[in-house]
Amino acid sequence: MRLAFITSNPGKVEEARKYFEPLGVEVYQLRVEYPEIQAETLEEVALFGLEWLSRKLKEPFFLDDSGLFVEALGGFPGVYSAYVYKTLGNEGLLKLLEGVENRKAYFKSVVAYWDGEAHLFTGVVHGEIIHEKRGDMGFGFDPIFRPSGFEKTFAEMTTIEKNRISHRGQALKAFSEWLKENLK
Ligand code: ITT
Ligand code: NA
């Protein structure tokens, strides 16, 4: 089966491809702009986008809305992660955390699939924001995030390693298990 992934982010596509490849599901990127509303949760943002897109697209598709939630910043950037990454970047976020001892943070991913109705799958990974960037794989905030229980940052892991533990990997796992149950 082929699945359309509506996203502007090639890093997300690479992860979904690698995840689904061994399951015989082909993921292809479709770049369709959709409104990302200001809301308090990733779920609300994802659902709004999903329903908006469902009026334009004929085929089943999914999208992914993710965020990095930093404890010492009250959960910021959270739903504003894309904007903060574009404006401040990793360096800017590290600056905000200069002198801050509590480095705890988590990534959350909401994968939203449309097949005539909405299905949401989520994943969370806890870890910490390190003091300087490490690694050049992955994308976004990967170089400054080290998942709990691991020495490497996400940017020092291959896609397959990252998928095993990441927020997106977990959401994709729930999604793939649902697909297995619900597709004949
Ligand atoms: P879409 O077109 O799919 O929306 P996007 O990059 O704008 O792509 P989001 O709206 O989900 O994605 O924004 C989340 C931000 O957090 C964005 O800047 C990403 O680079 C970053 N991000 C999301 N998942 C990440 C991950 O697994 N590792 C590092 N950074 C991540
Ligand atoms: Na986005």
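Remember, predicted model here, so these are calculated numbers, not experimental data. All residue numbers refer to position in the chain's written sequence, counted from 1. Working convention: letters from A go to chains and numbers from 1 go to ligands, in the order in which they are written. Owing to the predicted nature of the model, reporting of local features is limited to residues with pLDDT of at least 70; listing and counting of side-chain atom pairs is limited to 80 or more, with chain, interface and lining totals taken over all residues. Excluding hydrogens and water, the side-chain figures rest on all heavy atoms present in the structure.

Some points on the sheet that holds strand β4 (residues 104-114)
Heads up, the rule is: Paired strands, as defined in this entry, are two strands with at least two bridges between them according to DSSP. Only DSSP runs of H or I with at least four residues qualify as helices, and only runs of E with at least two residues qualify as strands; both kinds are numbered from the N terminus onward. Orientation is described by lines fitted to C-alpha atoms, with helices fitted over the stretch in contact, and by angles between N-to-C directions that extend from 0 to 180 degrees. The contact criterion used throughout is that any non-hydrogen atoms of two residues lie within 4.5 Å.
Pairing in this open sheet of six strands is mixed, and the strands run β2-β1-β3-β4-β5-β6 from one edge to the other. In this open sheet, the two strands that pair with only one neighbour each are β2 (26-30) and β6 (145-147). For this sheet the average axis-to-axis angle between neighbouring strands, irrespective of direction, equals 40°. In this sheet, strand β5 (residues 118-129) lies alongside β4 in antiparallel orientation, the contact comprising 11 bridges. Among the inter-strand pairings, Y106 is bridged to a residue of β5, identified as H126. In the packing of helix α1 (residues 10-20) onto the sheet, contacts are made with β1 (2-6), β2 and β3 (61-70), and the angle to β2 comes to roughly 165°. Each of β1, β3, β4 and β5 touches helix α2 (residues 42-54); the most contacted strand, β3, lies at about 160° to it.

Observations concerning the UniProt feature "binding site: Mg(2+)" (unreviewed entry) in the chain
Heads up, the rule is: UniProt positions are given in the numbering used here, feature names are shortened, and annotations may be inferred rather than shown by experiment. Put plainly, a pocket is an open set of points on a 1 Å grid over the protein atoms alone with protein on both sides within 12 Å along at least five of seven lines, a cavity is a set where a 1.4 Å probe fits but cannot get out, and a lining residue has an atom within 4 Å of a point.
Following the UniProt record, one finds the feature "binding site: Mg(2+)" (unreviewed entry) at E36 and D65. The annotated residues occupy 30 residues of the chain but converge on a single region, no pair of C-alpha atoms lying more than 9.2 Å apart. Of the annotated residues named above, the ones that line the largest pocket are E36 and D65. Among the structural elements, E36 can be located in the loop between β2 and α2.

A few points about the packing of aromatic side chains
Just so we agree on the cut-off: Pairing of aromatic rings covers Phe, Tyr and the six-membered ring of Trp, with a centre-to-centre limit of 6.5 Å; geometry is then stacked below 30 degrees between planes, edge-to-face above 60, and tilted otherwise. Three labels apply to residues, based on accessible area from a 1.4 Å probe with only protein chains included: buried if under 20% of the type maximum, exposed if over 50%, partly exposed otherwise in between. Lysine NZ or arginine CZ positioned within 6 Å of the ring centre and within 35 degrees of the ring normal marks a charge as sitting over the ring.
Evaluated as defined, the whole model comprises 13 aromatic pairs. Aromatic pair F107 and F154: ring centres 6.1 Å apart, planes at 25°, arrangement stacked. Within this pair, whereas F107 is found in strand β4, its partner F154 is found in the loop between β6 and α5 (159-165), the two being separated by 47 residues in sequence. Neither residue differs from the other here; F107 and F154 are each classed as buried. The residue whose ring lies beneath R2 is Y28, and the NZ or CZ to ring-centre distance is 4.1 Å.

Things to note about the site of ligand 1
As a reminder, the rule being used: Any residue with a heavy atom lying within 4 Å of a molecule or strand is counted as near it. Any pair of N or O atoms that falls within 3.5 Å is considered a polar contact. Within protein, one atom must be able to donate a hydrogen and the other to accept it, and sequence-neighbouring residues count only if both atoms are side-chain atoms. Computed by Shrake-Rupley with a 1.4 Å probe, the accessible areas treat only the displayed protein chains as cover when residues are assessed. Being in a pocket or cavity means that more than half of the molecule's atoms lie within 2 Å of its grid points. Under the grouping applied here, Gly and all other residues not named as nonpolar or charged are polar, the nonpolar ones being Ala, Val, Leu, Ile, Met, Phe, Trp, Tyr, Cys and Pro and the charged ones Asp, Glu, Lys and Arg.
Taken together, 20 residues lie near ligand 1, and T7, S8, K12, D142 and K162 sit nearest. In this structure, an oxygen atom belonging to ligand 1 sits 2.7 Å away from a side-chain N or O atom of K162. Contact between ligand 1 and R168: a nitrogen atom at 2.9 Å from a side-chain N or O atom of the residue. For ligand 1, the protein covers 92% of the area, taking 600 Å² as the surface of the free molecule. Put simply, ligand 1 lies in the largest pocket. Among the elements of the structure, β3, α3 (81-87) and α6 (167-182) are those that each provide at least two residues to the shell around ligand 1. Partitioning the shell around ligand 1 into residue classes produces six nonpolar, seven polar and seven charged.

Quick word on α2
Counted only if it meets this: Any helix carries an expected span of 1.5 Å times its number of residues minus one. Within this analysis, the arc is defined by the directions that extend from the helix axis to the C-beta atoms.
Spanning 13 residues, α2 covers 18 Å between terminal C-alpha atoms, matching the ideal 18 Å at 1.5 Å per step. Looking only at α2, the buried set comprises L42, V45, A46, G49, L50, L53 and S54. Looking straight down α2, one finds its buried side chains confined to an arc of 160°; they lie on one side. Looking at the buried positions of α2, the neighbouring elements they touch are β1, β3, β4 and β5.

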